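# Commentary on secondary and tertiary structure
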Amino acid sequence: MSTIILNGKEVANQWEKEIISKVQDLKAKGISVCLAVARFNDDEASKVYVKKKVAMCEKLGIKPILIEEEGLDQVEIEKRVSSLNQNKEVNGIIVQLPLPRGIDKERVLSLISPEKDVDGLNVFSCGLLYKNLPGLRPCTPSGIVRLLKEYKIDLVGKRVVILGRSQLVGLPIFLMLLHENATPTIVHSKTKDLKNICKEADILIVATGKAKMINREYVKKGAVVVDVGISRLDGKIVGDVDFDDVFDVAGYLTPVPGGVGPLTIMSLMSNVIKAASIQSGIKDDLV
Ligand code: NDP
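Residues numbered from 1 in each chain as written. Predicted model: local features only at pLDDT ≥ 70, side-chain atom pairs only at ≥ 80, totals over all residues. Heavy atoms only, no water.

The number of helices and strands found in the chain is 10 helices and 11 strands. Taken over the C-alpha trace, the chain has a radius of gyration of 19 Å; the compact-globule value for 287 residues is 19 Å, and the two agree within 12%. When its C-alpha atoms are laid out on the principal axes, the chain stretches across 50 × 45 × 40 Å. Counting all 287 residues of the chain, 50% fall into the buried class. Residue pairs at least 24 apart in sequence account for 70% of intrachain contacts in the chain once pairs closer than 6 positions are excluded. Positive and negative charge centroids in the chain, built from 40 and 36 side chains respectively, lie 2 Å apart. (Helix = DSSP H or I, 4+ residues; strand = E, 2+ residues; numbered from the N terminus. Rg over C-alpha atoms; globule rule 2.2 N^0.38 Å. Buried < 20%, exposed > 50% of the residue type's maximum accessible area, 1.4 Å probe, protein only. Contact = heavy atoms within 4.5 Å. Lys, Arg positive; Asp, Glu negative; His and termini not counted. Charge placed at Lys NZ, Arg CZ, Asp CG, Glu CD.)

What follows is the structure, encoded as structure tokens:
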């Protein structure tokens, strides 16, 4: 069997069409959709990310509000978030991470109203995920689930190994796949016998941020390999998986770029539509 490339770009393009149509449906009902993107750090990568989010909003017909303020203290940042919570025009709020040194991230994220928490990272949203109740889910894990479903990869009972336990990726994808009736295991930097555990996986999800750390020795023949990592190596963007080495062992494999990345931003946009739909009392059927 030849390896199937999990083409995230293609899935994202289809998702984009669905979102545009959803935005138009809402507009036809007199509802406009608005996302506030707030950057309080002076991080160069964050500047690029917020611009990409704003550009995607504009492309999809979502109104972006961009707040870029550096040098604010905890109290001032919290005031900005509270004011966005109160702004009835705003359906979704993103506070771009990382926050500056000395700022209490959890306090800021948890100040975002749960119904506007389109990154799905505040404690309330995490609690809804934990309990498998409807809510706004973290974007990268949602994108991964969408990708696996688009390729009709059966999750029920599957042995999934997730490398990485971050609150952004590893932990929420663990919960989401558990709720899909998979059998997930998380491994991390302190795990013993990592390679052999990975080799047992029907589905291997890698989110370590360590460029090309996963080679064919970690992969069971025919496994689904999802590479979340984004690193720069010798001037090129690469993932956590050594694509060329793993290619003929994996059954399914995501490329980097063009795999998980394009789905993350569409998940975010989908969450904004979901938030707007819920706030206006219209049931959402997108996600
Ligand atoms: P974090 O740094 O927060 O977490 C990395 C995790 O990987 C930690 O749990 C760490 O273990 C584990 N880890 C690190 N090295 C090893 C190792 N050698 N063996 C086993 N486990 C290891 O990263 P994120 O989860 O935020 O992101 C991971 C990667 O995904 C990054 O490259 C990031 O850029 C990318 N990313 C991509 C996105 C996309 O849209 N494509 C979105 C979000 C992130 P421990 O906890 O023990 O330290």
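Here the domain parsing of the chain yields domain 1 (31-128) and domain 2 (139-262). Each of domain 1 and domain 2 was reduced to a C-alpha centroid, and the two centroids are 28 Å apart. (Domains from an automatic or database assignment.)

The next subject is the packing of aromatic side chains. Summed over all chains, the structure comprises one aromatic pair. With a centroid separation of 5.7 Å and an interplanar angle of 35 degrees, the aromatic rings of phenylalanine 243 and phenylalanine 247 are classed as tilted. Just above the ring of tryptophan 15 sits the side chain of arginine 146; from NZ or CZ to the centre is 4.7 Å. (Phe/Tyr/Trp six-rings, centres within 6.5 Å; stacked < 30°, edge-to-face > 60°. Lys NZ or Arg CZ within 6 Å of the ring centre and 35° of its normal.)

Here the focus is the side chain of aspartate 117. Residue placement: aspartate 117 occurs in the loop between helix H4 (105-111) and helix H5 (123-130). For the buried aspartate 117, no salt bridge is present, and the opposite-charge side chain at shortest range is arginine 137, 9.5 Å distant. At a separation of 3.2 Å, a polar atom in the side chain of aspartate 117 contacts the main-chain amide nitrogen of leucine 121. Discounting chain neighbours no more than four positions away, the residues touching aspartate 117 are Ile112, Asn122, Ser125 and Leu136. (Salt bridge = Lys/Arg side-chain N within 4 Å of Asp/Glu carboxyl O. Polar contact = N/O pair within 3.5 Å; in protein donor to acceptor, adjacent residues only side chain to side chain.)

The next subject is the sheet that holds strand S3 (residues 63-68). Adjacent strands of a sheet pair through backbone hydrogen bonds, lying either parallel or antiparallel. Strand order in this open sheet of three strands is S3-S2-S4, and the pairing throughout is parallel. Single-partner strands in this sheet number two, and they are S3 and strand S4 (92-95). Geometrically, the sheet is characterised by an average inter-axis angle of 15 degrees between neighbouring strands, direction not taken into account. Here six bridges tie strand S2 (residues 34-39) to S3, and the two strands are oriented parallel to one another. Bridging across to S3, alanine 36 finds its partner in isoleucine 65. (Pairing = 2+ DSSP bridges. Axes fitted to C-alpha atoms, helices over the stretch in contact; angles between N-to-C directions.)

Not every one of the 19 residues close to the ligand is listed here, only the nearest: Arg165, Ser166, Ser189, Ile230 and Thr264. The backbone of alanine 207 places a nitrogen or oxygen atom 3.5 Å from an oxygen atom of the ligand. A distance of 2.7 Å separates an oxygen atom of the ligand from a polar side-chain atom of threonine 264. Across the complex, the protein chains shield 71% of the 920 Å² of accessible surface that the ligand would expose by itself. For the shell around the ligand, the per-class residue count stands at seven nonpolar, 10 polar and two charged. (Near = heavy atom within 4 Å. Areas by Shrake-Rupley, 256 points an atom, 1.4 Å probe, with all protein chains shown as cover. Nonpolar A, V, L, I, M, F, W, Y, C, P; charged D, E, K, R; others polar.)

As a further point, take the sheet that holds strand S6 (residues 183-187). The strand order across the open sheet built from six strands is S1-S11-S8-S7-S5-S6, with neighbouring strands paired in parallel fashion. A strand with exactly one partner marks an edge of an open sheet, and here the two such strands are strand S1 (4-5) and S6. The pairing of strand S5 (residues 159-163) with S6 spans five bridges and is classified as parallel. Looking across to S6, one finds that valine 160 is bridged to proline 184. Against the sheet, helix H7 (residues 170-179) makes contact with S5, S6 and strand S7 (203-206), and its axis sits at roughly 165 degrees relative to S6, the strand it touches most.

This part takes up the nonpolar core. Among the nonpolar cores identified, the biggest contains 53 residues, and Leu35, Ile62, Leu177, Ile205 and Met269 are the most heavily contacted of them. Residue assignment places this core across two domains, with domain 1 (31-128) and domain 2 (139-262) each supplying three or more. If we skip the residues at most four places from it in the chain, isoleucine 205 touches Ile144, Val160, Val161, Ile162, Leu163, Ile173, Leu177, Val226 and Val228. (Core = buried A, V, L, I, M, F, W, Y, C linked by side-chain atoms within 4.5 Å.)

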